[in-house]
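Coordinate inspection notes
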Amino acid sequence: MTEVSDDYGRQPPRRRVPGPARPARPGHPAGGGGRRPGPGARPARRPGPPRGTAPRAFRLGSPRPRLRLVGFALALVLIAFVVRLLQVQAVDASTYTAKAELNRYVVHTLTAARGGITDRNGVALATTVDAYDITADPTMFTREQLRIDDGPEQAAALLAPILGEDEDELAATLRPGNEQLRYVRLARARTPQEWNQIQDLKSALSKKAETDGSTVNVLAGVFADPSSKRIYPNGDLAAGVIGWVNAEGEGSGGLERQLDKTLAGQDGEIRYAQSGGHQVPTVGANETPAVPGSDVELTLDRDIQWAAQDAISEQVRKSRADGGYVIVQDTRTGEILAMANSPGFDPGDLAHADPDALGNGALQDAFEPGSTAKVMSMAAVLEEEAATAGTHVTVPNRLHRGDRLFKDDIDHPTWYLTLNGVLAKSSNIGTILATGELGRTQKEANQVLYSYLRKFGLGSYSGLGFPGETKGILAAPGQWSTSQQYTIPFGQGVSINALQAASVYSTIANGGVRIEPTLVKGTKDAEGGYTPAKKPKKTRVISEKTAKTLSQMLESVVDDEEGTGTKARIPGYRVAGKTGTANRVDPATGQYKGYTSSFAGFAPADQPRVTVYCAIQNATEGSYFGGQICGPVYKQVMEFALKTLQVPPTGTGPAKLPVTFTP
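Residues numbered from 1 in each chain as written. Predicted model: local features only at pLDDT ≥ 70, side-chain atom pairs only at ≥ 80, totals over all residues. Heavy atoms only, no water.

A few words now on the nonpolar core. Residues Phe456, Leu458, Leu550, Met553 and Tyr613 are the most contacted members of the largest nonpolar core, which totals 88 residues. Among the elements that take part in this core, helix H17 (residues 498-509) stands out by supplying 8 residues, more than any other. Contacts of Tyr613, omitting those with residues within four sequence positions, involve Tyr325, Val326, Ile327, Phe367, Thr372, Ala498, Ala501, Ala502, Ser598, Phe599 and Ala600. (Core = buried A, V, L, I, M, F, W, Y, C linked by side-chain atoms within 4.5 Å. Buried < 20%, exposed > 50% of the residue type's maximum accessible area, 1.4 Å probe, protein only. Helix = DSSP H or I, 4+ residues; strand = E, 2+ residues; numbered from the N terminus. Contact = heavy atoms within 4.5 Å.)

Another point: the packing of helix H4 (residues 151-163) against helix H6 (residues 192-211). Think of two packed helices as two axes; the pair is described by the angle between the axes and how far apart they sit. Where H4 contacts H6, the two axes come as close as 10 Å, and the packing angle between them is 155°. Judged by the inter-axis angle, H4 sits roughly antiparallel to H6. In this structure, H4 crosses over H6, and the sense of that crossing is right-handed. Judged by residue contacts, Leu158, Leu159, Ile162 and Leu163 of H4 engage Glu194, Gln197, Ile198, Leu201 and Leu205 from H6. (Axes fitted to C-alpha atoms, helices over the stretch in contact; angles between N-to-C directions. Parallel < 35°, antiparallel > 145°, perpendicular 65-115°, else oblique. Left-handed = near helix turned anticlockwise from the far one by under 90°.)

Along strand E12 (residues 323-330), 8 of the 8 residues are buried, which leaves the element largely enclosed by surrounding structure. Burial of the side chains of E12 extends over both faces: Gly323, Tyr325, Ile327 and Gln329 are buried on one face and Gly324, Val326, Val328 and Asp330 on the other. As defined by bridge partners, E12 adjoins strand E24 (residues 610-617) across 8 bridges and the pair is classed as antiparallel. In the sheet register, Val328 faces E24, and the bridge partner there is Val612. Pairing of E12 with strand E13 (residues 336-342) involves 6 bridges; the strand directions are antiparallel. Residue Val326 lies in a different strand from E13, and its bridge partner there is Ala340. Taking the residues that link successive antiparallel strands as the turn, the E12-E13 hairpin has 5 residues, and the phi of Gly334 there is positive, at about 80°. (Pairing = 2+ DSSP bridges.)

To continue, consider the UniProt feature "transmembrane region" (unreviewed entry) in the protein chain. The UniProt entry lists residues 67-86 under the feature "transmembrane region" (unreviewed entry), expressed in the numbering used here. In residues 67-86, the share of helix is 100% and the share of strand is 0%. The end C-alpha atoms are 28 Å apart. (UniProt positions renumbered as here; feature names shortened; annotations may be inferred.)

Another aspect to go through is the packing of aromatic side chains. Across all of its chains, the model carries 11 aromatic pairs by this definition. Summarising the aromatic geometry, the rings of Trp306 and Phe640 are spaced 6.4 Å apart at their centres and angled 55° between planes, so their arrangement reads as tilted. Of this pair, Trp306 sits in helix H10 (residues 302-319) while Phe640 is found in helix H20 (residues 631-644), placing the two residues 334 residues apart along the sequence. Judged by centre distance (6.4 Å) and plane angle (70°), the ring pair of Tyr450 and Trp480 falls under edge-to-face. Placement of the pair is Tyr450 in helix H15 (residues 442-455) and Trp480 in the loop between H15 and helix H16 (484-487), with a sequence separation of 30 residues. (Phe/Tyr/Trp six-rings, centres within 6.5 Å; stacked < 30°, edge-to-face > 60°.)

Along the chain, Leu423 falls in helix H13 (residues 419-424). By relative accessible area, Leu423 is classed as buried at 0%. Residues Leu423 and Val375 lie 48 residues apart in sequence; the distance between their C-alpha atoms is 7.5 Å.

Our focus in this paragraph is the side chain of Thr435. Locating Thr435 in the fold gives a position in helix H14 (residues 428-435). For Thr435, the side chain forms a polar contact with the main-chain oxygen of Ile432, separated by 3.2 Å. (Polar contact = N/O pair within 3.5 Å; in protein donor to acceptor, adjacent residues only side chain to side chain.)

With 7 of its 8 residues buried, H14 lies for the most part within the structure. Along H14, the residues classified as buried are Asn428, Ile429, Gly430, Thr431, Ile432, Ala434 and Thr435. Two or three places before Ile429, at the opening of H14, Ser427 has a side-chain oxygen 3.5 Å from that residue's backbone nitrogen.

The tally for this structure, following the rule as stated, stands at 24 salt bridges. Between Lys425 and Glu562 there is a salt bridge whose closest N-O contact spans 2.9 Å. Of this pair, Lys425 sits in the loop between H13 and H14 while Glu562 sits in the loop between helix H18 (544-559) and strand E22 (576-585), and the two are 137 residues apart along the sequence. The class of Glu562 is partly exposed, set by a relative accessible area of 39%. (Salt bridge = Lys/Arg side-chain N within 4 Å of Asp/Glu carboxyl O.)

Right, let's get into a negative patch on the surface. A contiguous patch of negative charge on the surface is contributed by Asp166, Glu167, Asp168 and Glu169. With respect to the helices and strands, Glu167 occurs in helix H5 (residues 167-174). (Patch = residues over 30% accessible without salt bridge, like charges linked within 9 Å, V, L, I, M, F, W, Y side chains within 5 Å. Areas by Shrake-Rupley, 256 points an atom, 1.4 Å probe, with all protein chains shown as cover. Lys, Arg positive; Asp, Glu negative; His and termini not counted. Charge placed at Lys NZ, Arg CZ, Asp CG, Glu CD.)

Read from one edge of the open sheet, 5 strands run E13-E12-E24-E23-E22, paired in antiparallel fashion. Looking along the sheet, the strands with just one partner apiece sit at the ends: E13 and E22. Neighbour-to-neighbour, the strand axes of the sheet open up by a mean angle of 10°, direction not taken into account. Against the sheet, H10 contacts E12, E13 and E24, and its axis sits at roughly 25° relative to E13.

Okay, structure coming up:
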């Protein structure tokens, strides 16, 4: 029989056919069941699983799930680290850099040296000296640093007596806050002696801490930055002009404020690495140097300023007045040689200054000038050729105009005066009559007079740009009241400051040309380069002929026995001047109370060089007439100024214009 193969020719396994049973051996049971192994026979096999059944094998668990879990956990950790790393190095890099810089680096301001202020001869009026700003690092006063709880309080108790500061305020400043400031200022502009005292205390505490482990140097976090201190060598001299600086070192009054940018310069800064409050010497420091401020040279003459201030202070004291001012001006240049106020103050000791005395009354106080303003009325009359110096003016004892009955300062019979005599005797009535000739109507006369007042500088700022300066009060003629149109010609109903009044007389002395007043001659920068001040503006107000006539008329006020200014005479010099006594408006009530007494003039009258103006407010003891209390001040200051400037007498006699006429 042919064999058939499957699976592509492979032969199928042959089936095993069992053969006949073997006969039993002797001694063994049939079928082998009763056989016993003989000597050397193999032991019988243990019963096993039935044939055809596979044996059960022992198998270990698979490690792959555990490896996957561990790998996943490690991956999460690595991802967290990578995300955090990206956040720190990329997203928040600038924040952490800033924190690191804050903790490692300290930036201190280098204060620029403030420029000095000198008089016209280079004499120091305000200067800057070396000083120290006392500073601290509040983070060095924490418990972690000092290992005590009251570090700020202990430090404040040691510093307060030296610095003269409040102990509680110092402790509060030293106590670290939420901001974790690394730099605070405890005191400004302290002397080297004060800083040396603090250094000695620090050294003593440091040595004691080295030898005594229980002692803590509570001043370790106190430092000093080089700074400067403003001083005024002449005390209260010209304080109203110079001004002062505040606790921050900034100009806060007078020229210190007006010229602050010029004087202050530019602060610099230094940035360095620190550790434990000390600079790390191995790490470089970045420094932007400070640029010192420029020095300012004034037109003031210290000696003339002293004479003016001494004279006005003494007269204010004698008269028990509220105050007074003196202006001294060079008639040829407009430069102010002195500007004195009384009472004054010491800009270096503001804590003890009278608040009412702060400032510069000569520029900031507006007052009615009185008869010193009559010279402008006369200038208008002469310039408009409405009259001459010899024109006859009949002056009654009373004059009715508008809604008022006008009078002179004294009762008198009818005066027969020339126009020169009207000025010499300071007649209000004569001035009203003369200015009435400026127009065909009173309205026209008012307009003409107003135009001259404006040209002389009334109602306008002087050009100095001084902080707080007043331009006075001069209403337009259309706004003049019925009485004002008659009082303004003799100096009531209009307000000016002392410099404006002085400038009027300097204009006449300068041949009718007004020069804007100046206080600054020039500046000198840190490199020594000098820059002169801008030339002042010049304006012709009246003709030279009119100015000369007015000078001669003003001489009559002082030289003629009929004049009101005889106390201002200076032996050997021709003096031109005018007295003034005006009702005064009380600043507190706005009502008339007391008087403004004044005197204005220049010398030599025929070759003018110096103008002096004096005004005293509310004299309450002795005379209050301008010629009596301001005339002597004028004389004293003018004599000193002429000698200081070495102005010789002209040697010519006075003009001697007639004062009266025979009807």
